[in-house]
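# A look at the structure
Single-letter residue listing:
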There are 2 protein chains.
Amino acid sequence: MRPELGPYVAAALWRRQMLEILRAWRMSDAHAQVTADVLGAADLMGIDSHGMALLPLYHQQIQDGGATATPIISVVHDRAAVALIDGDAGFGQVPGMMAVELAAERAEKFGIAAVAIRNSNHYGAAGVYVRRLAEQGLIGISTSSVWRAAIVPTGGLEPRLGTNPIAFAAPSARGKPFLLDMATSTAAIGKLKLAQRAETDIPEGWALTREGSPQRDPNLALLDTLLVPLGGHKGYGLAAMVEVLSSVLSGAALTPLRGKPGKRHDVGHFVLALDPAMMRGSRAEFEADLDRMTDALRQTPPANPARPVMVAGDPEYACEAERLSHGIPLPAKLAEQLRGIAEQANAAFLLKEERAST
Amino acid sequence: MRPELGPYVAAALWRRQMLEILRAWRMSDAHAQVTADVLGAADLMGIDSHGMALLPLYHQQIQDGGATATPIISVVHDRAAVALIDGDAGFGQVPGMMAVELAAERAEKFGIAAVAIRNSNHYGAAGVYVRRLAEQGLIGISTSSVWRAAIVPTGGLEPRLGTNPIAFAAPSARGKPFLLDMATSTAAIGKLKLAQRAETDIPEGWALTREGSPQRDPNLALLDTLLVPLGGHKGYGLAAMVEVLSSVLSGAALTPLRGKPGKRHDVGHFVLALDPAMMRGSRAEFEADLDRMTDALRQTPPANPARPVMVAGDPEYACEAERLSHGIPLPAKLAEQLRGIAEQANAAFLLKEERAST
């Protein structure tokens with residue numbers, strides 16, 4: 001437990017607070033439930049930047065016309081194993097989960113299916129969508145473009161692609177799904193913020209100065225957001241691949257050509273489901289082999305015996321177990337921001353009496 | 001032109017030499033044509049480690065029983081948009097191209113399709129398969145496991161995953177496809193060999209010592225093959241994702257559990273095709289937007305005006321144009337190795353009189 005993070009809030013109350021704000025924005029109850037589910041799932045897994053902490057950004061995007069809380073979402077095309085959804089400038093959680101359901105249904109019929117989404121906005125943590133697919137016995141892949149550019153193409157001086165995440169999940173027989181959820185930048189924005197809070201330099205290879213040299217100051221790195229793609233040119237290639245799947249395929253805005261923020265962001269997402277039972281011929285064999293593989297990876301001799309080797313998803317599931325027991329930490333700054341947007345929207349602010357339970 | 005690389009061989013003669021050797025191994029003519037096409041495509045694109053230079057390894061794998069030149073390849077399952085191929089311990093090029101054809105046919109029917117391959121061996125450069133798909137107007141994704149472990153899981157001391165490549169291609173309206181082909185290690189084995197030849201240290205972050213510290217000596221790095229995954233834990237996650245798609249999904253050998261080499265390697269591959277025309281509703285719109293995106297990326301202000309920003313595939317296509325005009329450089333060491341295996345197989349050695357044409 002990290003007491004400096006503030007009080008711990010039970011997951012149910014955390015979710016109620018989100019629902020209060022979302023409904024005050026006139027979001028329909030059905031949409032608010034889905035949105036709160038997706039955001040809350042990220043908070044439980046410790047992806048703090050992609051949970052309730054997004055609501056101040058969402059508030060701002062509604063204010064400046066970039067997003068609406070009352071979209072009319074439509075399926076533009078629906079053809080065998082592929083479909084295209086128009087998000088009507090709403091946030092990405094509702095069309096994202098529609099895509100999960102549609103892709104799952106079609107994957108069970110055809111073996112594989114994919115759904116693209118255009119005219120959307122931030123959809124939270126990509127890992128939440130693929131985890132939902134894996135919990136149904138399917139392999140899930142999801143990618144998203146981002147409403148603003150942050151990654152600098154290798155050899156360039158200006159950002160042209162978002163932190164364009166890739167998420168992948170696969171079902172396990174006896175454990176939680178294998179769950180990878182990563183930005184295609186070397187370091188996530190959240191890591192820059194941690195360094196800023198800790199007042200430490202950031203390593204070379206995370207961000208650039210405007211002249212293209214390594215940026216070591218986290219404050220300037222956050223100001224300029226000139227992020228280095230993961231490991232250099234390969235990460236640049238991956239970020240561009242995500243742009244193709246999320247934006248070019250759906251017809252969403254192309255991040256390298258984005259104008260100034262303020263208009264509809266027209267973010268694109270991509271969701272793919274694959275049924276290992278149909279492909280390999282046996283769901284049980286697939287899942288047993290997945291467990292054999294992840295077990296063998298965890299048994300790699302560790303450099304530090306006190307820190308066993310982990311597999312993608314392990315840290316998030318450990319955090320989730322802890323937060324389900326002890327609550328989700330609420331930093332004072334976030335509490336203040338939430339109080340502010342709740343007041344502006346005439347929503348109840350429920351977190352005020354909450355104090356640490358552990 | 002780099003005269004130190006030896007003489008330049010015309011692509012047609014290069015291909016004939018491969019066919020001579022493959023047929024001398026009793027590979028059927030149909031299989032030899034496909035295998036030579038895939039290897040030769042890599043050589044033209046400058047992926048020298050994944051072209052004809054693989055034949056000495058393939059020779060050794062046939063000798064030690066790891067692979068056969070005369071497989072009977074079969075389709076194990078064929079269900080709507082997914083299928084599973086058994087490679088019968090042959091090399092991966094023939095089942096790989098079967099997978100490309102099958103996936104393309106089904107993607108045109110269902111919108112998306114995927115084929116997994118088990119019981120295979122090295123399939124050359126993953127990019128060759130996805131490029132073939134993109135040249136038919138499809139998005140292609142391919143991954144492969146590798147016959148030996150080289151990537152060390154983050155925090156570990158021993159290799160548990162291969163250099164597990166990911167390839168992605170997407171069709172362009174007026175140019176060559178966007179083409180990404182990358183190992184999930186920070187540096188490819190080929191880069192270690194370049195440093196070895198140049199007798200320079202390798203950067204921190206490429207390889208580890210047996211104690212888990214940075215390895216700077218390229219000779220030791222090649223000996224131990226303890227490679228750092230791309231950018232750290234994210235690359236480890238990507239390498240494990242590739243293992244799931246290539247091996248767990250197909251039922252191939254799990255690299256973390258591989259025994260000693262010498263037996264059948266049972267490598268797995270994965271090939272996915274997606275029809276942007278069906279998904280977005282217009283092939284022309286997709287391809288025009290792909291060009292707008294790649295143009296905008298290339299127009300990023302460069303750090304060095306003499307080195308414009310590139311897009312994945314640009315260096316390979318430039319190399320291909322040059323080698324189609326001037327021939328493929330044949331290093332003296334490779335020529336000697338090829339002469340040796342040609343002699344052992346009673347194949348004609350055609351490269352002996354070839355001398356530089358430029």
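Just so we're clear, the structure is a prediction, and the values are computed from it rather than from any experiment.

So, about the packing of aromatic side chains. Residues and elements named next belong to chain B. For the structure on display, the rule yields eight aromatic pairs over all chains. Ring centres of Tyr58 and Phe91 lie 4.1 Å apart, and the angle between their planes is 10 degrees; on these two criteria the pair is classed as stacked. With Tyr58 in helix H3 (residues 55–63) and Phe91 in the loop between strand E3 (82–86) and helix H4 (93–110), the pair connects residues that are 33 residues apart, well separated along the chain. Residue Tyr58 is classed as buried on the basis of its relative accessible area, which comes to 0%. For Phe91, a relative accessible area of 4% corresponds to the buried category.

This part is about the relation of the copies chain A and chain B. Superposing chain A onto chain B requires a rotation of 180 degrees together with a translation of 0.0 Å along the rotation axis, leaving an RMSD of 0.0 Å. A rotation of that kind, with that shift, is consistent with a two-fold axis. When C-alpha positions in chain A are compared against the rotation axis, the closest is assigned to Gly231 of chain A, at 2.3 Å. The overlap is high: 100% of the interface residues of chain A also sit at the interface in chain B, so the same surface is used on both sides.

Below, the discussion takes up the packing of helix H4 (residues 93–110) of chain A against helix H5 (residues 126–134) of chain A. Residues and elements named next belong to chain A. For the pair H4 and H5, the least separation of the axes is 10 Å and the interaxial angle reads 25 degrees. In terms of their interaxial angle, H4 and H5 are classed as roughly parallel. H4 and H5 meet at a crossing whose hand is right-handed. Here Gln93, Gly96, Met97, Val100 and Ala104 of H4 lie close against H5, whose contacting residues are Val128, Tyr129, Arg132 and Leu133. Each residue belonging to the contact of H4 with H5 can be placed in one class, and the counts come to six nonpolar, two polar and one charged.

The next subject is the domain arrangement of chain A. Often, the extent of an interface is quoted as the loss of accessible area upon association of its parts. All names here are of chain A. Each assigned domain of chain A is listed with its residue range as follows: domain 1 (1–64 + 327–358) and domain 2 (67–185 + 229–290). A straight line from the C-alpha centre of domain 1 to that of domain 2 covers 24 Å. In this complex, domain 1 contributes 19 residues to the contact, which on the side of domain 2 involves 22 residues. Counting the surface lost from both domain 1 and domain 2, the interface buries some 1800 Å², and carbon and sulfur atoms represent 70% of this. Inspection of the region where domain 1 meets domain 2 yields zero salt bridges. Our enumeration of links across domain 1 and domain 2 arrives at three residue pairs in polar contact (both at pLDDT 80 or more). When residues of the side of domain 1 that touches domain 2 are traced back to their parent elements, those giving at least two are helix H2 (29–44) and helix H3 (55–63). Sort the elements by how many residues they give to the side of domain 1 that touches domain 2 and H2 lands first, with seven residues.

Moving on, we come to the nonpolar core. Membership of the largest hydrophobic core comes to 149 residues, with the highest contact counts inside it found for Phe168 of chain A together with Phe168 of chain B. Beyond its immediate sequence surroundings of up to four residues, Phe168 of chain B is in contact with Met241, Val244 and Leu245 of chain A together with Val130, Ile139, Gly140, Ile141, Phe178, Leu179 and Leu180 of chain B.

Further remarks concern the sheet that holds strand E5 (residues 139–144) of chain B. Residues and elements named next belong to chain B. Across the sheet, seven strands lie side by side as E2-E3-E4-E8-E5-E6-E7; this open sheet has mixed pairing. Looking at strand neighbours, the two that pair on one side only are strand E2 (74–79) and strand E7 (178–182), the edges of this open sheet. This sheet shows a mean twist of 10 degrees between the axes of neighbouring strands, independent of strand direction. Strand direction decides the pairing type here: strand E6 (residues 166–170) and E7, joined by five bridges, are antiparallel. The residue bridging Ile166 from the neighbouring strand is Met182, located in E7.

Criteria and cut-off values
- Residues numbered from 1 in each chain as written.
- Chains lettered and ligands numbered in written order.
- Predicted model: local features only at pLDDT ≥ 70, side-chain atom pairs only at ≥ 80, totals over all residues.
- Heavy atoms only, no water.
- Phe/Tyr/Trp six-rings, centres within 6.5 Å; stacked < 30°, edge-to-face > 60°.
- Helix = DSSP H or I, 4+ residues; strand = E, 2+ residues; numbered from the N terminus.
- Buried < 20%, exposed > 50% of the residue type's maximum accessible area, 1.4 Å probe, protein only.
- Least-squares fit on C-alpha atoms with pLDDT ≥ 70 in both.
- Contact = heavy atoms within 4.5 Å.
- Axes fitted to C-alpha atoms, helices over the stretch in contact; angles between N-to-C directions.
- Parallel < 35°, antiparallel > 145°, perpendicular 65-115°, else oblique.
- Left-handed = near helix turned anticlockwise from the far one by under 90°.
- Nonpolar A, V, L, I, M, F, W, Y, C, P; charged D, E, K, R; others polar.
- Domains from an automatic or database assignment.
- Buried area = accessible area lost by both parts, 1.4 Å probe.
- Salt bridge = Lys/Arg side-chain N within 4 Å of Asp/Glu carboxyl O.
- Polar contact = N/O pair within 3.5 Å; in protein donor to acceptor, adjacent residues only side chain to side chain.
- Core = buried A, V, L, I, M, F, W, Y, C linked by side-chain atoms within 4.5 Å.
- Pairing = 2+ DSSP bridges.

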